[in-house]
Amino acid sequence: MANPTKSKNSKTEQHVAIAGSSASPTRRRRVRVRRGGLKDMPRMPLDILFEIFSHLEPKDLLNLSRTSEPLRQLLMSRASALLWETSRKNIPGLPDCPSFLSEPEYANLCFTLYCHECLILKGKRLIIRTYWGAGARYCTRCKPVFFYASRSDARTDLQSFNEGCEEKIPDEIIGGPGTVPGPSRMLDRYKPTIEAFMEQWPELIHAEQRTEALKEFRAERDEREKFEQACITWSKSYNVPTGQILTLHLDHGNLRLTLEPRAPTK
Ligand SMILES: [Zn+2]
């Protein structure tokens, strides 16, 4: 008698959508998994699950978190923070997770390719670029939402803001004069951090508060710049695919693990 689990059209298999984004996925690809093969996984003892998952790479954790609500809840919970960190260390040379990203956000930045705003993966005459210091990836259409077109545009906006303030925000939050052009200089045009600083400025009544806020701004920009440089170096040396992929099956209650060569991806 034919083994139904070996049939290509087996009823023991089903399609499960794996989203391209945890935020609001519009693009989905379909993968084939065994029906019910993973449904009991969230009920397994946490230490066993975490031991298995710790062999996976962050991209695999992301994909797993998108296969079912229980797995999403488990992998996005605080209890999984160490697991993501362990998984990240499976990637040679990957810089540490910066303070302005969570581990899953960091994995999403490194190992997916779509625009974080419109979720597009590719398009005619469309360039999708990773802005490491911003902790995001944007296509050419979405980029102007998050970056001033030029330093001069940023300065005009800052001057206009300062006209309504007794205490002026110094130019340094848009890079200041004399800064050298380079990848990190995109941070001088990154609207979310500049606008967040402007928003809090009127509430800083005392000089010490303003000094402290500027100090924090500098420290964060410094972290973003260093992170950006480290990621650019890492991304040049990182070869996809890496290593093997761990496949998990639950077969009549027995967990089976197989390691297979990772299929090449772009
Ligand atoms: Zn976009």
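Treat the numbers as computed from the prediction; the structure is a model and nothing was measured.

Novice: Quick one: what's the story with the nonpolar core, residue by residue and with numbers?
Specialist: Residues Leu-61, Ala-107, Tyr-131 and Tyr-190 are the most contacted members of the largest nonpolar core, which totals 36 residues. Sequence-distant contacts of Tyr-190, that is, excluding residues within four places in its chain, are made with Ala-134, Phe-146 and Phe-147.

Novice: Give me the lowdown on the confidence of the model for the chain, citing residues and values where you can.
Specialist: Looking at the chain as a whole, the pLDDT averages 78, with 70% of positions reaching at least 70. Across the chain, element-level confidence peaks in helix 6 (residues 143-146) with a mean pLDDT of 96 and bottoms out in strand 1 (residues 13-19) with 29. Note that residues 1-33 has pLDDT below 50 and, in this model, 45 contacts with residues that lie over four places away or in other chains.

Novice: Before we move on, could you go through helix 4 (residues 81-88) and cite the residues and values that matter?
Specialist: For helix 4, every residue scored as buried is listed here: Leu-83, Trp-84 and Ser-87. Angularly, the buried residues of helix 4 cover 100° about the axis, an arc narrow enough to put them on a single face. Taken together, the buried residues of helix 4 touch helix 1 (46-53), helix 2 (58-65) and helix 5 (103-111).

Novice: Would you mind going over helix 3 (residues 69-76) in detail, with residue names and values included?
Specialist: Looking at helix 3, one finds that the buried residues are Leu-71, Leu-74 and Leu-75. Looking down the long axis of helix 3, one finds its buried residues gathered within 90° of arc, a one-sided arrangement. What points out from helix 3, more than 90 degrees from its buried face, is the exposed set Glu-69 and Gln-73. Tucked inside the fold, the buried residues of helix 3 contact helix 2.

Novice: Just give me the short version of the environment of Phe-53, but keep the residues and values in it.
Specialist: For Phe-53, the position within the fold is in helix 1. Taking the C-alpha atoms as reference points, Phe-53 and Leu-64, separated by 11 residues in sequence, lie 9.5 Å from one another. Once you skip the residues sitting within four places of it in the chain, Phe-53 turns out to touch Leu-61, Leu-83 and Ser-87.

Novice: An account of the packing of helix 2 against helix 5 is needed here, citing residue identities and associated values.
Specialist: Geometry of a packed helix pair, given as the angle between the helix axes and the separation of the axes. Two elements in contact, helix 2 and helix 5, have axes whose closest approach is 9 Å; the angle formed by their N-to-C orientations is 110°. Considered as vectors, helix 2 and helix 5 are oriented roughly perpendicular to each other. Considering how the two elements wind past one another, helix 2 and helix 5 form a crossing that is left-handed. Residues Pro-58, Lys-59, Leu-61 and Leu-62 of helix 2 form the contact with helix 5, whose own contacting residues are Pro-104, Ala-107, Asn-108, Cys-110 and Phe-111. Split into classes, the residues belonging to the contact of helix 2 with helix 5 amount to seven nonpolar, one polar and one charged.

Novice: How would you summarise the environment of Tyr-106 if you had to cite specific residues and measurements?
Specialist: Among the secondary structure elements, Tyr-106 is positioned in helix 5. For Tyr-106, a count of 22 C-beta atoms within 10 Å puts it in the buried group. Residues Tyr-106 and Arg-88, 18 residues apart in the sequence, show an inter-C-alpha distance of 9.4 Å. In this structure, Tyr-106 is in contact with Cys-97 and Leu-101, ignoring residues within four places of it in sequence.

The rules we used
- One numbering rule holds for all chains: residues counted from 1, following each sequence as written.
- Note on the predicted model: pLDDT of at least 70 is required for a residue's local features to be given, and 80 or more for side-chain atom pairs to be given and counted; whole-chain, interface and lining totals, by contrast, use all residues.
- A set of buried Ala, Val, Leu, Ile, Met, Phe, Trp, Tyr and Cys residues, joined through C-beta atoms within 7 Å, is what we mean by a nonpolar core.
- Exposure in this text rests on C-beta crowding, where 20 or more other C-beta atoms within 10 Å of a residue's own make it buried, 12 or fewer make it exposed, and counts in between make it partly exposed. The C-beta atoms are placed from the backbone.
- In this description, a residue-residue contact is defined by the distance between C-beta atoms placed from the backbone, which must lie within 7 Å.
- Residue-level confidence of the predictor, termed pLDDT, takes values from 0 up to 100.
- Numbering of helices and strands runs from the N terminus, with a helix taken as a DSSP run of H or I at least four residues long and a strand as a DSSP run of E at least two residues long.
- In this context, the arc is that of the directions from the helix axis out to the C-beta atoms.
- As a rule, the C-alpha atoms of each element are fitted with a line to give its axis, helices using only the stretch in contact, and angles between N-to-C directions run from 0 to 180 degrees.
- Each angle receives one of four descriptions, namely roughly parallel if under 35 degrees, roughly antiparallel if over 145, roughly perpendicular if within 65 to 115, and oblique otherwise.
- When the near helix sits turned anticlockwise from the far one by under a right angle, the crossing is termed left-handed; a clockwise turn instead gives a right-handed crossing.
- Ten residues, namely Ala, Val, Leu, Ile, Met, Phe, Trp, Tyr, Cys and Pro, are considered nonpolar, four, namely Asp, Glu, Lys and Arg, are considered charged, and the remaining ones, Gly among them, are considered polar.

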